[in-house]
Amino acid sequence: MAGKTNDYTDKELLELFRNDDSKNLAFNIIVRKYQERIYWHIRKIIISHDDTDDVMQNTFIKAWKALESFREASGLYTWLYRIATNEALTFLNQKKKKYFLPLIDVNKQLAETLETDEYFNGDELQLKLQKALLTLPEKQRLVFNMKYFDDMKYEEISKILKTSVGALKASYHHAVKKIEKYLTDH
Amino acid sequence: MDDINKIKPELSKIKKDKHFRIPDGYFDDFSVRLGERIHRESDAGFYERYILTLKPYLAIAALFIGMIILGKITYNVLYKGNISSELNNDEIAQLIVEDIYYFSEELIIDIVYQNDNQARDESINIESDNSTNEIIDYLIDEDIDVFDIIEAL
């Protein structure tokens, strides 16, 4: 099944999805085609695997409901990526609202989660980098992840985050400076 | 990337490979679990879709309504139940002094009777003291002017 996901273009998958007889099959193929890339994008924001799994499911359920009216203005992957980004940010915001004490810092909690997370197997430097990333505002962290780890072009990131290329370049530049400072100081 | 190496040496030392793990077989059965959840949600009836979702909010709304009702009952018992509707001599005198140009005997009588009627309508247990009625009777019988009252007080 994994090999077959690449046999269909996005356009073909959407046509299959719009047909009631092949709707489930088409969606299954879409999930298998993009699940890994979407997962790792969410995981870098959310950190915890279990929470990432929840957000992943929410993302694809939203996609299932909205795919019928998908206008194909952007590519299917860009569209899914955008849903995943919004769901991840919503998840983090909800987590912040859960805590009534103003001192509790969600990002600090995420950093602490990392240290004891059985699903984190990076070395000391990689752990330090993740902690550095968690000191950044969420959107800046997103830009850094997409540019540095995913090697995406600014134009692609711009379509996903609906931010200008210039703003993204500035954001990335600042993110790199802050991370470098953190790595030097700690 | 070459720019990063030159400008940000610390960052360039760190390997970019994935340092997060996932449970074995996670991606193999993700689509199956997702399909089950979609199926479950689409089969959900009115109760599961709306009532269960709204349950916590309905509970909060019921709590607020209950607190408002309790507050109103408490207010009625503490304040309205204990109001004495009679005016004693000092209070009448005070009223007359403050509003000398507006008071007439008829108005005094009306105010006293109004308070009596209010107490009766609300079934409030007023004191059975007859001093109010005595005052009214006296004023009527003796045909006393308000200024006479002030002088007397």
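Here is what the cut-offs are and how they apply
- Residues numbered from 1 in each chain as written.
- Chains lettered and ligands numbered in written order.
- Predicted model: local features only at pLDDT ≥ 70, side-chain atom pairs only at ≥ 80, totals over all residues.
- Helix = DSSP H or I, 4+ residues; strand = E, 2+ residues; numbered from the N terminus.
- Contact = placed C-beta atoms within 7 Å.
- Buried ≥ 20, exposed ≤ 12 C-beta atoms within 10 Å, placed from the backbone.
- pLDDT = per-residue confidence, 0-100.
- Nonpolar A, V, L, I, M, F, W, Y, C, P; charged D, E, K, R; others polar.
- Bend = angle between axes of the 7 residues up to and from the residue.
- Core = buried A, V, L, I, M, F, W, Y, C linked by C-beta atoms within 7 Å.
- Domains from an automatic or database assignment.

Peer 1: Even after reading the chapter, I still don't get the overall build of chain A, so can you show me in this structure?
Peer 2: Counting its secondary structure elements, chain A contains nine helices and zero strands. Partitioning the intrachain contacts of chain A with sequence separation of at least 6 by distance along the chain shows that 61% fall at a separation of at least 24.

Peer 1: Just checking my understanding: could you explain the overall build of chain B for this structure?
Peer 2: Along chain B, the regular secondary structure elements total eight helices and zero strands. When its helices and strands are written in sequence order, chain B yields α-α-α-α-α-α-α-α. Buried residues in chain B amount to 6% of all 153 residues. For chain B, long-range pairs separated by at least 24 residues make up 78% of all intrachain contacts whose partners lie at least 6 apart in sequence.

Peer 1: I tried to follow the confidence of the model for chain B on my own but got confused; where do I start?
Peer 2: In low-pLDDT regions, the fine details of the predicted coordinates are not to be read closely. Residue and element names in this part refer to chain B. On average, residues of chain B score 72 in pLDDT, and 52% of them reach the 70 mark or higher. Here helix α1 (residues 2-7) stands out as the least confident element of chain B, with mean pLDDT 55; helix α3 (residues 26-43) is the most confident, with 88. Complex prediction metrics read pTM 0.64 and ipTM 0.80.

Peer 1: How do you make sense of the interface of chain B and chain A when you look at a structure like this?
Peer 2: Often, the extent of an interface is quoted as the loss of accessible area on bringing the components together. Counting from both sides, the interface comprises 18 residues of chain B and, opposite them, 25 residues of chain A. Contributing elements (two or more residues each) for the side of chain B that touches chain A: α2 (9-12) and α3 of chain B. Ranked by residues supplied to the side of chain B that touches chain A, first place goes to α3 of chain B with six residues. When grouped by side-chain class, the residues that make up the side of chain B that touches chain A number eight nonpolar, two polar and eight charged.

Peer 1: Teacher, can you tell me more about helix α2 (residues 23-46) of chain A here?
Peer 2: Q35 of chain A marks the point of greatest bend in α2 of chain A, at about 50 degrees. I47 of chain A sits one or two positions beyond α2 of chain A and adopts a positive phi of about 75 degrees.

Peer 1: Help me out: how do you make sense of the nonpolar core in this one?
Peer 2: Residues and elements named next belong to chain A. Among the nonpolar cores identified, the biggest contains 45 residues, and I30, I38, I42, L80, L133 and V143 are the most heavily contacted of them. Two domains each put at least three residues into this core: domain 1 (1-101) and domain 2 (122-186). Not counting the four nearest positions on each side in its chain, L133 is found in contact with R141, F144 and I179.

Peer 1: Quick question: what am I supposed to make of unusual backbone geometry here?
Peer 2: Trans is the prevailing form of peptide bonds, just as negative phi is the prevailing case for residues other than glycine. A positive phi angle is found at D151 of chain A, which is not glycine, with a value near 55 degrees. Of note, D151 of chain A is situated in the loop between α7 (138-149) and α8 (154-161).

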